Amino acid sequence: MDEILKQTLLYDFYGELLTSHQKEIYEQVVLEDYSLSEIARDAGISRQGVHDLIKRCQKILEGYEEKLHLMERFLSVKEKVRKMDDLLENYEGEEEKELIRKMKELSGAIMEEL
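Residues numbered from 1 in each chain as written. Predicted model: local features only at pLDDT ≥ 70, side-chain atom pairs only at ≥ 80, totals over all residues. Heavy atoms only, no water.

**Topic: the packing of aromatic side chains**
Applying the stated criterion across every chain, the model contains 4 aromatic pairs. Seen in terms of ring centroids, Tyr11 and Tyr26 are 5.6 Å apart; in terms of plane orientation they differ by 25 degrees. Their pairing is stacked. Placement of the pair is Tyr11 in helix α1 (residues 3-14) and Tyr26 in helix α2 (residues 20-31), with a sequence separation of 15 residues. Given a relative accessible area of 8%, Tyr11 falls into the buried group. Ring geometry for Phe13 against Tyr14: centres 6.3 Å apart, planes inclined by 45 degrees, an arrangement best described as tilted. For Phe13, a relative accessible area of 30% corresponds to the partly exposed category. On the basis of relative accessibility, which here comes to 1%, the residue Tyr14 falls in the buried class. (Phe/Tyr/Trp six-rings, centres within 6.5 Å; stacked < 30°, edge-to-face > 60°. Helix = DSSP H or I, 4+ residues; strand = E, 2+ residues; numbered from the N terminus. Buried < 20%, exposed > 50% of the residue type's maximum accessible area, 1.4 Å probe, protein only.)

**Focus on the pattern of salt bridges**
Side-chain pairing between opposite charges can occur once the charged atoms of the two side chains come close. Taken as a whole and judged by the stated rule, the model has 6 salt bridges. Between Glu79 and Arg82 there is a salt bridge whose closest N-O contact spans 2.4 Å. In this pair, Glu79 and Arg82 both sit in helix α5 (residues 70-89), 3 residues apart, roughly one turn of the helix. Through salt bridges with shared partners, a single network forms among Glu79, Arg82 and Asp86. (Salt bridge = Lys/Arg side-chain N within 4 Å of Asp/Glu carboxyl O.)

**A word on the packing of α1 against α2**
Helix-helix packing is described using two parameters, namely the angle between the two axes and the distance between the axes. Where α1 meets α2, the closest approach of the two axes is 10 Å, and the angle between their N-to-C directions is 150 degrees. With respect to their mutual orientation, α1 and α2 come out roughly antiparallel. In this structure, the crossing between α1 and α2 has a hand that is left-handed. On the side of α1, the interface is formed by Gln7, Thr8 and Tyr11, while α2 contributes Lys23, Tyr26, Glu27, Val30 and Leu31. Class assignment for the residues of the contact of α1 with α2 results in 4 nonpolar, 2 polar and 2 charged. (Axes fitted to C-alpha atoms, helices over the stretch in contact; angles between N-to-C directions. Parallel < 35°, antiparallel > 145°, perpendicular 65-115°, else oblique. Left-handed = near helix turned anticlockwise from the far one by under 90°. Contact = heavy atoms within 4.5 Å. Nonpolar A, V, L, I, M, F, W, Y, C, P; charged D, E, K, R; others polar.)

**Some points on unusual backbone geometry**
Phi angles above zero are rare outside glycine, and Asp33 is one such case at about 60 degrees. By secondary structure assignment, the location of Asp33 is in the loop between α2 and α3 (36-43).

**Focus on the packing of α5 against helix α6 (residues 96-113)**
The geometry of α5 relative to α6 is characterised by a closest axis approach of 10 Å and an angle of 170 degrees between their N-to-C directions. By the angle between their directions, the pair α5 and α6 is classed as roughly antiparallel. Seen along the crossing, α5 lies across α6 with a hand that is left-handed. Residues Arg73, Ser76, Val77, Lys80, Val81, Lys83, Met84, Leu87 and Leu88 of α5 form the contact with α6, whose participating residues are Leu99, Lys102, Met103, Leu106, Ser107, Ala109, Ile110 and Glu113. Classifying every residue of the contact of α5 with α6 gives 10 nonpolar, 2 polar and 5 charged.

Below, the structure written as structure tokens:
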């Protein structure tokens with residue numbers, strides 16, 4: 001997975017668990033693509049301080065994911081729904097019972113994850 005996408009998803013799921021200062025700095029780097037120098041100047045801290053804060057936030061967010069697996073479950077459910085869409089999109093007279101069986105199998109897998 002693209003590292004920026006991973007960071008964004010982690011932030012979407014667990015960002016509210018960061019302090020307001022951590023959220024502000026992390027958003028500027030990950031979501032708004034500010035440079036460390038720009039953030040350091042605006043926040044009145046060193047560039048190294050910004051770098052350390054970002055690394056600490058990443059570890060915190062990854063730690064939450066290791067314990068809760070919300071992002072992993074979300075991506076798994078998203079993939080199963082995509083497969084369901086593909087089955088329906090490519091349905092060309094396949095026996096209806098087989099299509100229904102596949103759809104029930106996928107929906108059952110989704111329900112287990114939720």
